[in-house]
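Below, each chain spelled out in residue letters.
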Amino acid sequence: QVQLVESGGGLVQPGGSLRLSCAASESIFRFNTMAWYRQTPGNGRDLVASISKDSRPNYADSVKGRYTISRDNAKNTVGLQMNSLEPEDTAVYYCNARSIWSVYWGQGIQVTVSS
């Protein structure tokens, strides 16, 4: 069972930046896709950004140009650099790992954008 642990969340003012990190308990090389999702109360989890095994990124329209996803297969980590944050980015952010056979989730971390 792979464990994914998120870190780096917190409270930031509008226009500020945060960097989330996801550390896996074992090699992430076997996962075709690593991703970040976010969820607000009463809503489902929405894909924010994903990155393939060969580091090709994909972004939701709402975060394009502001967020950057990265993947370090050697360190078993996935990062999400979030810039120009807006109140609408407030959510619980989840790390996700997906292979052909399985899907794993982190426990989630709160990001709050507020003045």
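Sequence order as written defines the numbering, with residues in each chain counted from 1. Per-residue local features are limited, in this predicted model, to residues with pLDDT of at least 70; the limit for side-chain atom pairs, both in listing and counting, is 80 or more; totals at the level of whole chains, interfaces and linings are taken over all residues. With hydrogens and water set aside, each side-chain value is computed from the structure's full complement of heavy atoms.

## Thoughts on the overall build of the chain
The helix and strand labels rest on DSSP assignments: H or I over at least four residues marks a helix, E over at least two residues marks a strand, and numbering proceeds from the N terminus. Along its length, the chain carries zero helices and eleven strands. Each principal axis of the C-alpha distribution contributes one length, and for the chain these read about 40 × 25 × 20 Å. Counting every position in the chain, which comprises 115 residues, the buried fraction comes to 41%. Taking contacts inside the chain between residues at least 6 apart in sequence as the whole, the part at least 24 apart equals 55%. What sets the accessible areas is the Shrake-Rupley method with a 1.4 Å probe; for residues, cover comes only from the shown protein chains. Accessible area for the chain stands at about 6000 Å²; split by element, carbon and sulfur atoms hold 48% of it. We count Lys and Arg on the positive side and Asp and Glu on the negative side, and we leave His and both chain ends out. To locate a charge, take atom NZ for lysine, CZ for arginine, CG for aspartate or CD for glutamate. Taking the average place of the 11 positive charges on the side chains of the chain and the average place of its 9 negative ones, the gap between the two points comes to 7 Å. Throughout this description, buried means an accessible area under 20% of the type-specific maximum (1.4 Å probe, protein chains only), exposed means over 50%, and partly exposed covers the range between. Contacts: residue pairs with any heavy atoms within 4.5 Å of one another.

## Observations regarding the sheet that holds strand β8 (residues 77-82)
The strand order across the open sheet formed by four strands is β1-β3-β8-β7, and the pairing between neighbours is antiparallel. Edge positions in the open sheet fall to β1 (4-7) and β7 (67-72), since each of these has one partner strand only. Between one strand and the next, the sheet's axes are offset by a mean angle of 15 degrees, whatever the strand orientation. Two strands make a pair as long as DSSP finds a minimum of two bridges between them. Inspection of the sheet shows strand β3 (residues 18-24) paired to β8 by six bridges, in the antiparallel sense. Residue pairing for β8: S21 is matched across the bridge by G79. Axis definition: a line fitted to C-alpha atoms, limited for helices to the stretch in contact. Angles are taken between N-to-C directions and run from 0 to 180 degrees.

## Description of the environment of L18
You can see L18 is positioned in strand β3. The sequence separation of L18 and L80 amounts to 62 residues, and the corresponding C-alpha distance is 8.3 Å. Once residues within four sequence positions are removed from consideration, L18 is found in contact with G8, G9, G10, V12, L80, Q81, M82, L85 and V111.

## Some thoughts on the state of the cysteines
Only a pair of cysteine sulfur atoms within 2.5 Å counts as a disulfide in this structure description. Across all of its chains, the model carries one disulfide by this definition. With a sulfur-sulfur separation of 2.1 Å, C22 is cross-linked through a disulfide to C95. Its S-S torsion of approximately -80 degrees makes the covalent link between C22 and C95 left-handed. Pair noted here: C22 is in strand β3 and C95 is in strand β9 (residues 91-98), with a separation of 73 residues, a long-range link. Just as C22 is buried, C95 falls in that class too.

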